[in-house]
Amino acid sequence: MAYGGYGDGNMNLGASQFGGGGFMASPAPGHDNQYGGGQQKGRNQHNSLRAFTIRHLLKEIASVDDEHYVADGHDISTVTIIGKVTSYQEGPTRVLLQVYDGTGSIEVCSWVDDMDLQAQKRIEWQIGKYVRVYGNLKTFERKRSITAFAVKPITDHNEVTYHFLQSIMQYLHLTKGAPPMGQSGGGATPAVGARTAGGAGAGLPHGGYAVGAPVAAGPAGAGDIHMDLKHLYNQPHALQAPSGLAVEQAHSELRKIGRNYTLQQIIQACEVLAADGVLYSTINDMTYKSCA
Amino acid sequence: MEDPTPRVNFETMQRYHGRKVILCCQINQVDNGQVRVATADKGEVTVVGGTAPYEGRFAEVVGTVLNPNTVQEIEHTNLSDNFSLDMYNELVKLSHKDAYIGMFNA
């Protein structure tokens, strides 16, 4: 299962990885981001991974049926929460945890069929310890729970802070659009309360952004980065170049036409387009060519 | 569902007199069952009633606010030594905003 930019196949999302962590900013709510599913086409549709507070999971999400849920207008598939273990129950093939994160409490079911593994889990998932859970939301007899496929103990507690900040950031991204990062001044009005200090931690926009104004409708220079890159990489000179265009070249060419994206935005957007099969990398990870 | 327990700093702690809160803090002094801590926004609080040992520089205290400067501990968790109180402080401020009440209900 692909988790987009939020972790490798082993789901090693330690706090040291939250500097960037593969967050792919997108211009419109839910568009082409890998935690707002349901509006994407292709293989990413059912592979979204989203961070939630437990209260958000329990109270604010609508269920289509016992296995399909919608949050902030987008389908959700895999969820991740962080919380303290408040209860631990072992069964022959599974472990039942109760996890509390300060906003709410939810049952987590983890299937463990190896006795040695179960003994190890007994140590790692102690009551009072923080854990990160990856899994799918389920409803049984009107009670929501998570069926987990990974439960990891937290060793760096900045990850706890980061998770909540990430939950806020993803909520805002899906409901209000990507923040206009790299703005040179212009018209983006910082929303009162939405702006945070520079030390706000990973995942939050560096500048403010207008509440309720998706970036697509925002000030000049924002635009749709994915559309712009698709257009650029399908230009004759890019198609004819043996290795395509390096991200620095793309950055420079977009700036010439008034698209003031940062290099980091372009790198991330190219990675999204490569994951979607629009671009492919050629001589190195920073040079792409259109698949067209 | 267990009731929400707000994450607080010194300033927001004042809204929860008599209520259970989660306070992440830096340990300044441990003294005969009382622990003097610095909150994320540089306030000073005394934590009383704890029994488990405090280890390291930072702790997350779950307790009841007794008065503006005192928390009665229910339990605490020792945090990693690289814990960022500044980042936590920003989270506390955000979690108290009306816009995110559905996520935190602080």
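Residues numbered from 1 in each chain as written. Chains lettered and ligands numbered in written order. Predicted model: local features only at pLDDT ≥ 70, side-chain atom pairs only at ≥ 80, totals over all residues. Heavy atoms only, no water.

**Notes on the overall build of chain A**
The following threshold applies: Working definition: helices are DSSP H or I runs of at least four residues, strands are E runs of at least two. Numbering for both runs from the N terminus. Only protein chains enter the accessibility calculation, which uses a 1.4 Å probe. A residue is then buried if its area is under 20% of the maximum for its type, exposed if over 50%, and partly exposed in between. When checking whether two residues touch, look at their non-hydrogen atoms; a contact exists if any pair is within 4.5 Å.
When you go through chain A residue by residue, the secondary structure sums to seven helices and 12 strands. In chain A, which comprises 292 residues, the share counted as buried stands at 49%. A separation of at least 24 residues holds for 62% of the contacts in chain A among residues at least 6 apart in sequence.

**As for the interface of chain B and chain A**
Formally: Here the buried area means the combined drop in accessible surface, using a 1.4 Å probe, for two parts upon being joined, counting both sides. Within this document, salt bridges are pairs made up of a side-chain nitrogen of Lys or Arg and a carboxyl oxygen of Asp or Glu, the two lying within 4 Å of each other. Gly counts as polar in this scheme, as do all residues outside two lists: the nonpolar Ala, Val, Leu, Ile, Met, Phe, Trp, Tyr, Cys and Pro, and the charged Asp, Glu, Lys and Arg.
With 31 residues of chain B in contact, the opposing surface of chain A contributes 37 residues. Between chain B and chain A the total buried area reaches about 2700 Å² when both faces are included, carbon and sulfur atoms providing 61% of it. Our count for the chain B to chain A interface comes out at two salt bridges. Salt-bridge contacts for Lys84 of chain A lead to Glu75 of chain B; the nearest nitrogen and oxygen are separated by 3.6 Å. Looking at the side of chain B that touches chain A, the elements that each hand over two or more residues are β5 (58-67), β6 (70-79), α2 (85-95) and α3 (101-104) of chain B. Of the residues belonging to the side of chain B that touches chain A, the class tally is 15 nonpolar, eight polar and eight charged.

**A closer look at the confidence of the model for chain A**
Residue and element names in this part refer to chain A. Put simply, the rule is: The predictor reports its confidence for every residue as pLDDT, a score running from 0 up to 100.
For chain A, the average pLDDT comes to 73, and 67% of its residues sit at 70 or higher. Under a pLDDT of 50 for its full length, residues 1-31 has, in the predicted model, 86 contacts with residues more than four places off or in other chains. Contacts for the low-pLDDT stretch residues 38-45, under 50 throughout, to residues beyond four places or in other chains number 15 contacts.

**Structural notes on the packing of helix α6 (residues 247-256) of chain A against helix α7 (residues 263-275) of chain A**
All names here are of chain A. Keep this limit in mind: As a rule, the C-alpha atoms of each element are fitted with a line to give its axis, helices using only the stretch in contact, and angles between N-to-C directions run from 0 to 180 degrees. Reported orientations rely on four angle classes, namely roughly parallel under 35 degrees, roughly antiparallel over 145, roughly perpendicular from 65 to 115, and oblique for the rest. The crossing is said to be left-handed when, going from far helix to near helix, the turn is anticlockwise and less than a right angle, and right-handed when the turn is clockwise.
For the pair α6 and α7, interaxial distance at closest approach is 9 Å and the crossing angle is 120°. The orientation of α6 relative to α7 falls into the category oblique. Two packed elements cross with a definite hand, and for α6 against α7 that hand is right-handed. Contacts between α6 and α7 involve Val247, Glu248, Ala250, His251 and Leu254 from the former and Leu263, Ile266, Ile267 and Cys270 from the latter. In terms of residue class, the contact of α6 with α7 is built from seven nonpolar, one polar and one charged.

**Quick notes on helix α4 (residues 225-233) of chain A**
Residue and element names in this part refer to chain A. To be explicit about the condition: Throughout, the arc means the angular range of directions from the helix axis out to the C-beta atoms.
Of the positions making up α4, those classed as buried are Ile225, His226, Asp228, Leu229, Leu232 and Tyr233. The arc enclosing the buried residues of α4, seen along the axis, measures out at 160°, which places them on a common side. On its buried face, α4 is in contact with α5 (236-240), β10 (245-246), α6, α7, β11 (279-281) and β12 (287-290).

**Describing the confidence of the model for chain B**
When pLDDT is averaged along chain B, the result is 93, and 98% of the positions lie at 70 or above. Predicted complex, confidence summary: ipTM 0.95, pTM 0.66.

**Notes on the packing of aromatic side chains**
For the record, the criterion: What counts as a ring pair is set by centres within 6.5 Å for rings of Phe, Tyr and Trp (its six-membered ring), and what kind of pair is set by the plane angle: stacked under 30 degrees, edge-to-face over 60, tilted for all other angles.
Within this structure, the stated rule accounts for four aromatic pairs over all chains. Judged by centre distance (5.9 Å) and plane angle (50°), the ring pair of Phe164 of chain A and Phe104 of chain B falls under tilted. Of this pair, Phe164 of chain A sits in helix α3 (residues 158-176) while Phe104 of chain B sits in helix α3, which puts the two residues in different chains. Grouping residues by exposure puts Phe164 of chain A and Phe104 of chain B together as buried. Geometrically, the ring pair formed by Phe83 of chain B and Tyr88 of chain B is tilted, given 6.0 Å between the ring centres and 50° between the ring planes. You can call Tyr88 of chain B buried: its relative accessible area is 1%. Every member of this aromatic cluster is reached through a ring pair, and the members are Phe58, Phe83 and Tyr88 of chain B.

**Focus: the sheet that holds strand β2 (residues 62-65) of chain A**
The strands making up a sheet associate through backbone hydrogen bonding, with each pair oriented either parallel or antiparallel. Residue and element names in this part refer to chain A. To keep it simple, the criterion reads: At least two bridges found by DSSP between two strands are what make those strands a pair.
Pairing is antiparallel in the open sheet, where three strands are placed in the order β2-β3-β4. Of all strands in the sheet, those with a lone pairing partner are β2 and β4 (74-76), marking the two edges. In this sheet, adjacent strand axes meet at a mean angle of 35° when their direction is disregarded. Sheet topology note: the β2/strand β3 (residues 68-71) ladder contains three bridges and is antiparallel.

**Concerning the sheet that holds β10 of chain A**
Residue and element names in this part refer to chain A. Spatial strand order, β10-β12-β11: three strands in an open sheet with antiparallel pairing. The sheet is open, and its two borders are formed by β10 and β11, each paired with just one other strand. Alignment of β10 against β12, held across two bridges, turns out to be antiparallel. Bridging from a neighbouring strand, Leu245 pairs with Tyr288 of β12.

**Details of the pattern of salt bridges**
Following the criterion strictly, the structure yields nine salt bridges over all chains and no others. A salt bridge links Arg7 of chain B to Glu60 of chain B, with the shortest nitrogen-to-oxygen separation between them at 3.1 Å. Of the two residues, Arg7 of chain B is situated in strand β1 (residues 7-8) and Glu60 of chain B in strand β5; the sequence distance between them amounts to 53 residues. Arg7 of chain B gets classed as buried once you look at its relative accessible area, which sits at 8%. When the shortest N-O distance is used, the salt bridge between Lys42 of chain B and Asp86 of chain B registers 3.9 Å. Remark: Asp86 of chain B occurs in helix α2 and Lys42 of chain B occurs in the loop between β3 (34-39) and β4 (44-48); sequence separation between them is 44 residues. On the accessibility criterion, Lys42 of chain B (67% relative accessible area) is exposed. Here Asp86 of chain B falls in the partly exposed class, since its relative accessible area comes to 47%. One network of salt bridges, in which partners are shared, links Lys84 of chain A together with Arg7, Glu60 and Glu75 of chain B.

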